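A structural walkthrough
What follows is each chain in one-letter form.
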Amino acid sequence: MLFRFSKSTIRARLTGWYIILLGCTLILFATYLYSQLETSLLGQLDTALKITASEISTTLVEQNGHPAFKITKDSEAMTHQLANAGFAVRLLAPNGQIWDAIGHYQEVPLSIPRKPGYINLTKYNKIWRVYSQPLPKSPKTGWLQIAQSLEPISEALEHLLTLMLFSCPLILLIAAFGGLFLAERALRPIDRIIRTAQAIGPNDFTQRIAYRGPFDEVGRLAFTIDRMLDRLQAAFEHERRFMADASHELRTPLTVIKGRIGVTLSRSRTLEEYENTLTDLQREVDRLIRLSNGLLFLTRLEQSELGYDASLTNVDLSHLLEVLIEQIQLLAEVENITIVTNIDSCIWIVGNCDHLTSIFLNLLDNAIKYTPNGGQVTVKAQQDRLQARIAVTNTGKGIEPEHLPHLFKRFYRVESARSRSTGGAGLGLAIAYEIVRLHHGTISVTSQPHQLTTFTVCLPLERLNLTLEA
Ligand code: ATP
Ligand code: MG
């Protein structure tokens, strides 16, 4: 426990602050209690003195030309009672001469009052509370003084003080242990969070806190960290898969190049054979260049996520599509593929012209690549109130439903197309997906085996139109 106390600074600090606050509260409370008790006891004494004085003043008689206490059976009993209760009573002449007295009046210091009321008088370290009132009906003017020692009140207050001096440290000690226990309990899940965080290795994001307590601050922290670990794990696995796929894709052409060189060098070749080998090597190198360019482009796209919106400008999408179709027309003619277009004029969107070119070039390239000889490619572009909708449809073998959800993943190619004849790296749709995402748009595919395949891209219209129409 001591080790934990010295180590766990939050626990120690929490308990420390708790004890300081409790200590201050106790001191304030004790001071208030002490002063309240003192005022109350003094008030009670003053009332007793005043009542007794007024009772006595009604029993006074005149004796030898000055006021005196009446001596009857009743009054003697009262005199005894007063003396036993610690009252000292005296009748004072204006010059200070004592005419008559009851109790320990000699112990009370003599003081000639100037006005009626209470005063404290001290003699031999003993404090007396004295009440003076002018004598009522008397032949001579004088004073009735009644006093009682403040000793019982001081003793009661001292007793209270001793009690508090002993009990406060005890309360603080109990509170310290209680506070430490509570802090320990409240912070225990944080220990679990720390242990989980320590257990997370560079290659293992599977650990979770799995907090089961209430959904309070600590519960929310544990939950947030678990969700963060989920995201980290997903990102980590995505990266790992990507690295594995990328190295595999890079290794394949390199192995082909190495094999081809090895075979060619195994014996002397004719010039034509060397030329054939070099042409094959050039194709593989082109493939490698395309692959590394695609990877580099994807990485740059991911890095440009922040501030991407600011770099967008107004683009005439209709014009861009027409130019791209014109470029691809030659390729289509070679394959005897017809391109049908249905493009609305003046579709303006907010976008990056180079990146948009990349999307539609990829889609048109795929459409030509995966359409058999004599097939047809249709490009449709329309706009509604909020977005532009571009659909590229092609005839051909179509795509099996099980492949559709994976088409936009990096390096994914439908099995039949994995034959390296098309030379694709499987990055085109992944790049298109990333660009569309950065443009706050959507891309989707519909296809069935031996039926039409349609890739549809929806992009928000230019900002100016949006604000004007909204
Ligand atoms: P890259 O575009 O990197 O040169 P790729 O064309 O093979 O290579 P993607 O464009 O990402 O890669 O396409 C992924 C896969 O989706 C393709 O391999 C192909 O099997 C399938 N595919 C894409 N477009 C079509 C299409 N229009 N018709 C039929 N299949 C398609
Ligand atoms: Mg492609």
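Computed from a predicted model, the values in this text were never measured in an experiment. (Residues numbered from 1 in each chain as written. Chains lettered and ligands numbered in written order. Predicted model: local features only at pLDDT ≥ 70, side-chain atom pairs only at ≥ 80, totals over all residues. Heavy atoms only, no water.)

Topic: the pairing of strand S6 (residues 126-134)
Where strand S5 (residues 117-123) lies against S6, seven bridges are found, and the strand directions are antiparallel. Each residue of the ladder has a partner; that of threonine 122, found in S6, is isoleucine 127. Here S5 folds back onto S6 in antiparallel fashion, the turn holding two residues, of which tyrosine 124 has a positive phi close to 50°. Examined bridge by bridge, S6 and strand S7 (residues 143-149) share seven bridges and lie antiparallel to one another. Each bridged residue has a counterpart across the sheet, and for tyrosine 131 the counterpart in S7 is isoleucine 146. (Pairing = 2+ DSSP bridges. Helix = DSSP H or I, 4+ residues; strand = E, 2+ residues; numbered from the N terminus.)

As for the confidence of the model for the chain
Atomic detail in the predicted coordinates should be set aside for any region of low pLDDT. Taken as a whole, the chain shows an average pLDDT of 87; of its residues, 93% reach a score of 70 or greater. Predicted confidence for residues 1-7 stays below pLDDT 50, and this span has six contacts to residues more than four positions away or in other chains. Taken together, the stretch residues 464-470 has pLDDT below 50 and engages in three contacts with residues farther than four places along the chain or on a different chain. (pLDDT = per-residue confidence, 0-100. Contact = heavy atoms within 4.5 Å.)

Some points on the environment of lysine 369
Locating lysine 369 in the fold gives a position in helix H8 (residues 353-369). The partly exposed category is assigned to lysine 369, whose relative accessible area is 31%. Taking C-alpha positions, lysine 369 is 26 Å from leucine 438, a pair spaced 69 residues apart along the chain. (Buried < 20%, exposed > 50% of the residue type's maximum accessible area, 1.4 Å probe, protein only.)

Observations concerning the sheet that holds S5
Taken in spatial order, the five strands make up an open sheet running S4-S3-S7-S6-S5, and their pairing is antiparallel. Looking at the sheet topology across the chains shown, the edges are occupied by strand S4 (98-102) and S5. With direction set aside, neighbouring strand axes in the sheet form an average angle of 25°. Strand direction decides the pairing type here: strand S3 (residues 87-92) and S7, joined by six bridges, are antiparallel. Counterpart to phenylalanine 87 in the pairing with S7 is glutamine 148. (Axes fitted to C-alpha atoms, helices over the stretch in contact; angles between N-to-C directions.)

A few points about the site of ligand 1
Asn366, Tyr370, Gly426, Leu427 and Leu429 are the nearest of the 20 residues found near ligand 1. Here tyrosine 370 contributes a side-chain N or O atom positioned 3.0 Å from an oxygen atom of ligand 1. One nitrogen or oxygen atom from the main chain of leucine 429 is found 2.8 Å from an oxygen atom belonging to ligand 1. At four residues, H8 tops the list of elements feeding residues into the shell around ligand 1. Of the residues assigned to the shell around ligand 1, the class counts are eleven nonpolar, seven polar and two charged. (Near = heavy atom within 4 Å. Polar contact = N/O pair within 3.5 Å; in protein donor to acceptor, adjacent residues only side chain to side chain. Nonpolar A, V, L, I, M, F, W, Y, C, P; charged D, E, K, R; others polar.)

Description of the sheet that holds strand S12 (residues 387-394)
Strand pairing in a sheet takes place through backbone hydrogen bonds and is either antiparallel or parallel in direction. Taken in spatial order, the five strands make up an open sheet running S9-S11-S12-S14-S13, and their pairing is mixed. Each end of this open sheet is capped by a strand with a single partner; those strands are strand S9 (338-343) and strand S13 (442-447). Averaged over all neighbouring strand pairs, the angle between strand axes comes to 10°, with direction disregarded. Sheet topology places S13 next to strand S14 (residues 453-460); six bridges connect them, and they run antiparallel. Directly across from isoleucine 443, in S14, lies its bridge partner valine 457. Docked against the sheet, helix H7 (residues 317-334) engages S9, strand S11 (376-383) and S12, running at close to 175° with respect to S9.

Points about unusual backbone geometry
In this structure, alanine 210 takes a positive phi of about 50° despite not being glycine. Relative to the helices and strands, alanine 210 resides in the loop between helix H4 (151-199) and helix H5 (217-265). Looking at alanine 210, the relative accessible area reads 37%, which means it is partly exposed. Of note, the phi angle at asparagine 336 is positive, near 60°, even though the residue is not glycine. Relative to the helices and strands, asparagine 336 is located in the loop between H7 and S9.

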